[in-house]
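Analysis of the macromolecular model
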Amino acid sequence: MTQPQQQDPTEVHLIEVADPEVKIEPFIEDILGFVIFWTLAGVVFLQFFSRYVMNDSYAWTEEISRYLLMWVTFIGAATAMRRGTHIGVEAIQHFLPEGLARLSRFIIDGLTLGFIACLCWFGITITERMQIQTMTVIEWPMSIVYGGIALGCFLMLYRCIRVVFGNARRGWRPDPNKVDLIID
């Protein structure tokens, strides 16, 4: 067995390669999105296989895939909220004076929080109302479908609250860890 060679600390290299430390943080919305996405992929593959290979399509696959896509969309919105990758127009903030830019960030955070809180309220309301209606092919209540959407809205609200508190701690100044867009 050979011993690893010790490098001389005074030795100068033109290129130094260091692997960054990989840190995987399990977030609930990422895990749910991953599981639901691959369930959706399996259902769509089953639909394709049964329709084009077996010439006898399962009726439930189209309906369930549609509902799983709705779930993935709203749970994925919570991931986008956590990462700060929702679509937003930030270019005007780069041209505003610092005080007005901070005020606009405060207003945007308030509007976003209010909008997502309304989504949560509507999610609960529609989930309660859809308890009596059943899915078309499977005799399950439609509240299951809307419950998944409401879950995604509440996950998004939780992430939005964390973002607002982070912005408030910084005094609504720009996040130093976020990469700004380049304006030429």
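Refer to the structure above for everything that follows.
Note that the structure is predicted; figures quoted are calculated from it, not measured. (Residues numbered from 1 in each chain as written. Predicted model: local features only at pLDDT ≥ 70, side-chain atom pairs only at ≥ 80, totals over all residues. Heavy atoms only, no water.)

A word on a nonpolar patch on the surface
On the surface, Phe45, Phe48, Phe49, Tyr52, Val53, Met54, Tyr58, Trp60 and Val137 cluster together into a nonpolar patch covering about 890 Å² of accessible area. No other element matches helix H1 (residues 28-53), which puts five residues into the nonpolar patch. Using a relative accessible area of 58% as the deciding quantity, one classes Tyr52 as exposed. (Patch = residues over 30% accessible without salt bridge, like charges linked within 9 Å, V, L, I, M, F, W, Y side chains within 5 Å. Areas by Shrake-Rupley, 256 points an atom, 1.4 Å probe, with all protein chains shown as cover. Salt bridge = Lys/Arg side-chain N within 4 Å of Asp/Glu carboxyl O. Helix = DSSP H or I, 4+ residues; strand = E, 2+ residues; numbered from the N terminus. Buried < 20%, exposed > 50% of the residue type's maximum accessible area, 1.4 Å probe, protein only.)

Examining helix H2 (residues 60-83)
Taking 1.5 Å of rise per residue, 24 residues should cover 34 Å, and H2 covers 34 Å from first to last C-alpha, within 8% of that figure. Just downstream of H2, Gly84 is the residue with a positive phi angle, here 75°. (Expected span 1.5 Å × (residues − 1).)

Some remarks on the environment of Tyr158
Checked against the element boundaries, Tyr158 lands in helix H5 (residues 143-169). For Tyr158, a relative accessible area of 44% puts it in the partly exposed group. As a C-alpha pair, Tyr158 and Leu100 span 58 residues in sequence and 27 Å in three-dimensional space.

Remarks on helix H4 (residues 98-129)
For H4, with 32 residues, the first-to-last C-alpha span of 46 Å sits near the 46 Å given by 1.5 Å per residue. For H4, the elements touching its buried residues are H2, helix H3 (91-95) and H5. (Contact = heavy atoms within 4.5 Å.)

What about the packing of aromatic side chains?
Taken as a whole and judged by the stated rule, the model has six aromatic pairs. With centroids separated by 4.9 Å and ring planes inclined at 90°, the aromatic side chains of Phe106 and Trp172 adopt a geometry described as edge-to-face. In this pair, Phe106 sits in helix H4 while Trp172 sits in the segment after H5, placing the two residues 66 residues apart along the sequence. The exposure class of Trp172 is buried, given its relative accessible area of 17%. Summarising the aromatic geometry, the rings of Trp121 and Phe122 are spaced 4.9 Å apart at their centres and angled 65° between planes, so their arrangement reads as edge-to-face. Residue classification places Trp121 among the exposed residues on the basis of a relative accessible area of 53%. Positioned over the ring face of Tyr67 is Arg66, at 6.0 Å from the centre of the ring. (Phe/Tyr/Trp six-rings, centres within 6.5 Å; stacked < 30°, edge-to-face > 60°. Lys NZ or Arg CZ within 6 Å of the ring centre and 35° of its normal.)

Digging into the pattern of salt bridges
Where charged atoms from two side chains of opposite charge approach closely, those side chains can pair. For the coordinates displayed, the defined rule picks out four salt bridges. One salt bridge in this structure joins Arg82 and Glu29, with 2.8 Å as the shortest N-O distance. Of this pair, Arg82 sits in helix H2 while Glu29 sits in helix H1; the two residues are 53 residues apart in sequence, bridging distant segments of the chain. Counted as one network, the salt bridges with shared partners bring together Glu29, Asp30, Arg82 and Arg159.

Some thoughts on the environment of Ile64
For Ile64, the position within the fold is in helix H2. Along the chain, Ile64 and Thr79 lie 15 residues apart, while their C-alpha atoms are 23 Å from each other. For Ile64, the contacting residues outside a window of four places in its chain are Val43, Met135 and Ile138.

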